[in-house]
Amino acid sequence: MTRRRMIGAALAVGAALPIGAASHASVARATPGPAQLTLPVPTGPYPVGTVRLHVVDRSRPDPVAGAGHHRELMTSVWYPARNVGRHPLAQWMDPAVLRAYLTSAGFEADAAITPLTSGREGAPVRRTGGRLPVVVFSHGAHDHRADTTVIVQELASHGYVVVTVDHTYDAFSQFPDGRLTVPLDDPALVPSDFARDIRFVLDCVEDLAAGRNPDAEHRPLPAGLRGAPDLHRIGMFGWSKGGTATALVMNDDQRVRAGLSIDGPMQAQPPITADLHRPFMLMTAEFTRAVEPSVAEFWSHLRGWRLNVQADGALHSSYGDTQVLIPQLADALGMSDEELLGWIGTLAPARALRIQQAYPLAFFDLHLRGRHSPLLDGPSTNFPEVKFIP
């Protein structure tokens with residue numbers, strides 16, 4: 001399931017859709033101008049900072065570019081911040097990347113306005129005592145590292161360092177020298193390639209923890225970022241293909257203590273059949289154990305703490321920014337209620353937002369901080385739409 005097919009004709013009206021919506025050509029209607037989208041603010045006690053890092057794995061030839069080209073990745077680091085007043089808010093997607101994204105889908109390059117995040121660019125890190133737990137994110141096919149910003153900045157606002165990664169040639173991305181990369185039409189990268197990317201990013205997290213700067217251009221880091229990551233408390237989550245990559249990383253890399261898959265199909269070659277004894281959680285929607293044998297097989301090999309939750313009415317992209325951004329376009333697009341449901345399912349956007357903010361945080365708090373949450377013990381009256389799948 002590629003992102004290019006999923007964005008659909010709604011981009012033609014001039015709004016920056018979050019990557020993850022299903023394509024419905026009937027909603028492509030002319031509008032006076034672009035819609036300005038907004039993202040919700042996180043609920044944590046801390047302001048959020050962010051910085052971009054360009055990292056190069058000089059031990060690994062790029063699987064697409066071939067010999068003579070090392071694997072290059074763009075990443076963003078999100079974290080609790082302080083003294084944020086003079087630091088600008090980061091955009092959800094770079095304008096140049098967004099133009100390439102729109103052009104690749106056959107639309108006007110300057111048709112969109114991208115929302116702002118809650119992340120303050122380059123703000124100093126807030127450390128109230130000791131090092132900070134770390135979570136790494138892997139996106140889906142033909143995607144972008146900003147796709148789950150709601151979850152990412154929520155975690156950061158509660159004291160986590162969160163690292164998001166563009167999987168080059170399966171992502172819309174831009175390097176510091178201005179080079180743009182877009183997803184290739186053929187599936188050039190498989191989940192194991194994503195997993196290798198993440199394992200290198202974990203090496204970069206180790207560099208930060210040791211006080212080194214992993215940025216290829218050695219651009220200045222935010223004050224306090226060196227030495228901030230706690231290497232004994234690392235988690236990972238991924239959406240779709242990134243969820244499969246999360247399982248692969250967990251099987252191969254002991255540095256990751258807990259993994260969360262957001263509707264990952266768990267389709268890999270060879271199949272994922274190794275037993276896993278560390279905590280793993282599934283947030284399923286369409287790739288359920290009941291309909292996807294590879295997900296059921298993976299579940300059967302989880303020997304440690306495990307949990308499978310699913311929200312009634314959720315679609316494949318419901319646990320991401322899509323669910324809160326698409327409804328903002330409904331009036332501009334002239335969508336009927338039926339058409340809007342085709343994009344976001346029957347899970348109410350406000351409820352989807354709370355689920356995204358609450359369940360990943362509860363999972364990582366339990367397994368990286370030892371903070372128990374009754375939310376993970378069973379069905380909650382606060383979240384009646386979330387079912388526990390035994």
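Relevant structure appears above.
Parameters at a glance
Residues numbered from 1 in each chain as written. Predicted model: local features only at pLDDT ≥ 70, side-chain atom pairs only at ≥ 80, totals over all residues. Heavy atoms only, no water. Helix = DSSP H or I, 4+ residues; strand = E, 2+ residues; numbered from the N terminus. Buried < 20%, exposed > 50% of the residue type's maximum accessible area, 1.4 Å probe, protein only. Contact = heavy atoms within 4.5 Å. Core = buried A, V, L, I, M, F, W, Y, C linked by side-chain atoms within 4.5 Å. Pairing = 2+ DSSP bridges. Axes fitted to C-alpha atoms, helices over the stretch in contact; angles between N-to-C directions. Parallel < 35°, antiparallel > 145°, perpendicular 65-115°, else oblique. Left-handed = near helix turned anticlockwise from the far one by under 90°. Nonpolar A, V, L, I, M, F, W, Y, C, P; charged D, E, K, R; others polar. Salt bridge = Lys/Arg side-chain N within 4 Å of Asp/Glu carboxyl O. 1 Å grid on protein atoms, 1.4 Å probe; cavity = no way out; pocket = protein on both sides within 12 Å on 5 of 7 lines; lining within 4 Å. Points joined across faces, edges and corners; volume = space filled by probe spheres on them. Expected span 1.5 Å × (residues − 1).

## With respect to the overall build of the protein
Thinking step 1. When helices and strands are tallied, the protein shows 10 helices and 13 strands.
Thinking step 2. Within the protein, buried positions represent 59% of all 390 residues.
Thinking step 3. Pairs at least 24 apart in sequence give 74% of the contacts found in the protein among residues at least 6 apart.

## Points about the nonpolar core
Thinking step 1. Among the nonpolar cores identified, the biggest contains 44 residues, and Val77, Tyr79, Val136, Met266, Phe280 and Phe298 are the most heavily contacted of them.
Thinking step 2. The element contributing the most residues to this core is helix α4 (residues 191-209), with eight residues.
Thinking step 3. For phenylalanine 298, the contacting residues outside a window of four places in its chain are Ala247, Met266, Ile272, Phe280 and Leu282.
Thinking step 4. Counting 38 residues, the second-largest nonpolar core is a separate cluster that includes Val152, Leu155, Val162 and Leu361.

## As for the sheet that holds strand β6 (residues 161-166)
Two pairing modes exist for strands in a sheet, parallel and antiparallel, and in both the strands are linked by backbone hydrogen bonds.
Thinking step 1. Strand order in the open sheet made by the 11 strands is β3-β4-β1-β2-β6-β5-β9-β10-β11-β12-β13, with mixed pairing throughout. The outermost strands of the open sheet, each flanked by one partner alone, are β3 (89-91) and β13 (386-388). Between one strand and the next, the sheet's axes are offset by a mean angle of 30 degrees, whatever the strand orientation.
Thinking step 2. Sheet analysis places strand β10 (residues 258-262) next to strand β11 (residues 280-284), joined by four bridges and oriented parallel. When the sheet's bridge partners are listed, leucine 260 is paired in β11 with methionine 281.
Thinking step 3. The strands that helix α3 (residues 149-157) touches are β1 (48-62), β2 (66-80), β4 (116-121), β5 (132-138), β6, β9 (229-239) and β10; relative to β2, the one it contacts most, it runs at about 55 degrees.
Thinking step 4. Lying on the sheet, helix α5 (residues 241-252) is in contact with β5, β9, β10 and β11; it crosses β9 at an angle near 140 degrees.

## A look at the packing of α4 against α5
Thinking step 1. Between α4 and α5, whose axes approach to 8 Å, the crossing angle comes to 60 degrees. The angle between the axes of α4 and α5 places the two elements in the oblique class. By crossing handedness, the relation of α4 to α5 is classed as right-handed. Where α4 approaches α5, its residues Pro191, Ser192, Phe194, Ala195, Ile198, Arg199 and Leu202 are matched on the opposing element by Lys241, Gly242, Thr244, Ala245, Leu248, Val249 and Asp252.
Thinking step 2. Its residues placed into classes, the contact of α4 with α5 shows eight nonpolar, three polar and three charged.

## A word on the side chain of aspartate 94
Thinking step 1. Among the structural elements, aspartate 94 can be located in the loop between β3 and α2 (95-104).
Thinking step 2. Under the relative-accessibility criterion, aspartate 94 is labelled buried at 15%.
Thinking step 3. The residues contacting aspartate 94, other than those within four sequence positions of it, are Arg52 and Gln174.

## Notes on the pattern of salt bridges
Thinking step 1. Counted under the stated rule, the structure contains 19 salt bridges.
Thinking step 2. Of the charged contacts in the structure, one is a salt bridge between aspartate 230 and arginine 233, with a shortest N-O distance of 2.8 Å.
Thinking step 3. Residues arginine 303 and aspartate 275 are paired through a salt bridge, measuring 3.4 Å at the closest nitrogen-oxygen approach. Linking arginine 303 in the loop between α6 (293-300) and β12 (306-311) with aspartate 275 in the loop between β10 and β11, this pair joins segments that are 28 residues apart in sequence.
Thinking step 4. Judged by its relative accessible area of 39%, aspartate 275 is partly exposed.
Thinking step 5. Each of Arg199, Asp203, Glu206, Asp253 and Arg255 takes part in one network of salt bridges that share partners.

## Concerning the environment of threonine 244
Thinking step 1. Tracing the chain through its elements places threonine 244 in helix α5.
Thinking step 2. Given the relative accessible area of 0%, threonine 244 is considered buried.
Thinking step 3. With 52 residues separating them in the primary sequence, threonine 244 and serine 192 have C-alpha atoms 8.6 Å apart.
Thinking step 4. Excluding residues within four positions of it along the chain, threonine 244 makes contact with Pro191, Gly264, Pro265, Met266, Gln267, Ala268 and Ile272.

## Points about unusual backbone geometry
Thinking step 1. That bond from glutamine 269 to proline 270 is cis: its omega, 0 degrees, falls within 30 degrees of zero.
Thinking step 2. Position of proline 270 relative to the elements: it lies in the loop between β10 and β11.
Thinking step 3. Non-glycine residue histidine 218 carries a positive phi angle of around 55 degrees.
Thinking step 4. Mapped onto the secondary structure, histidine 218 falls in the loop between α4 and β9.

## Remarks on the layout of surface pockets
Thinking step 1. Taken as a whole, the second largest pocket encloses approximately 160 Å³ of empty space.
Thinking step 2. Lining the second largest pocket we find Val56, Asp62, Ala65, His69, His70, Glu72, Thr168, Tyr169, Phe175, Arg179, Leu180 and Thr181.
Thinking step 3. Secondary structure elements with two or more residues in the lining of the second largest pocket: β1, β2 and β8 (180-181).
Thinking step 4. Tallying contributions element by element places β2 first for the lining of the second largest pocket, with three residues.
Thinking step 5. When the residues that make up the lining of the second largest pocket are grouped by side-chain class, the tally is five nonpolar, four polar and three charged.

## Structural notes on α5
Thinking step 1. With 12 residues, α5 extends 17 Å between its outermost C-alpha atoms, agreeing within 8% with the 16 Å of an ideal straight helix rising 1.5 Å per residue.
Thinking step 2. Summarising burial for α5: 10 of the 12 residues are buried, a large majority.
Thinking step 3. Residues of α5 that are buried: Lys241, Gly242, Gly243, Thr244, Ala245, Thr246, Ala247, Leu248, Val249 and Met250.
Thinking step 4. Structurally, α5 contributes buried residues whose contacts are with β5, α4, β9, β10, β11 and α6.

## Topic: the environment of threonine 181
Thinking step 1. The topology assignment puts threonine 181 in strand β8.
Thinking step 2. Note on threonine 181: relative accessible area 10%, which makes it buried.
Thinking step 3. Here the alpha-carbon distance between threonine 181 and alanine 100, two residues 81 residues apart in the chain, equals 8.5 Å.
Thinking step 4. If we skip the residues at most four places from it in the chain, threonine 181 touches Thr168, Tyr169, Ala171, Phe172, Ser173 and Phe175.

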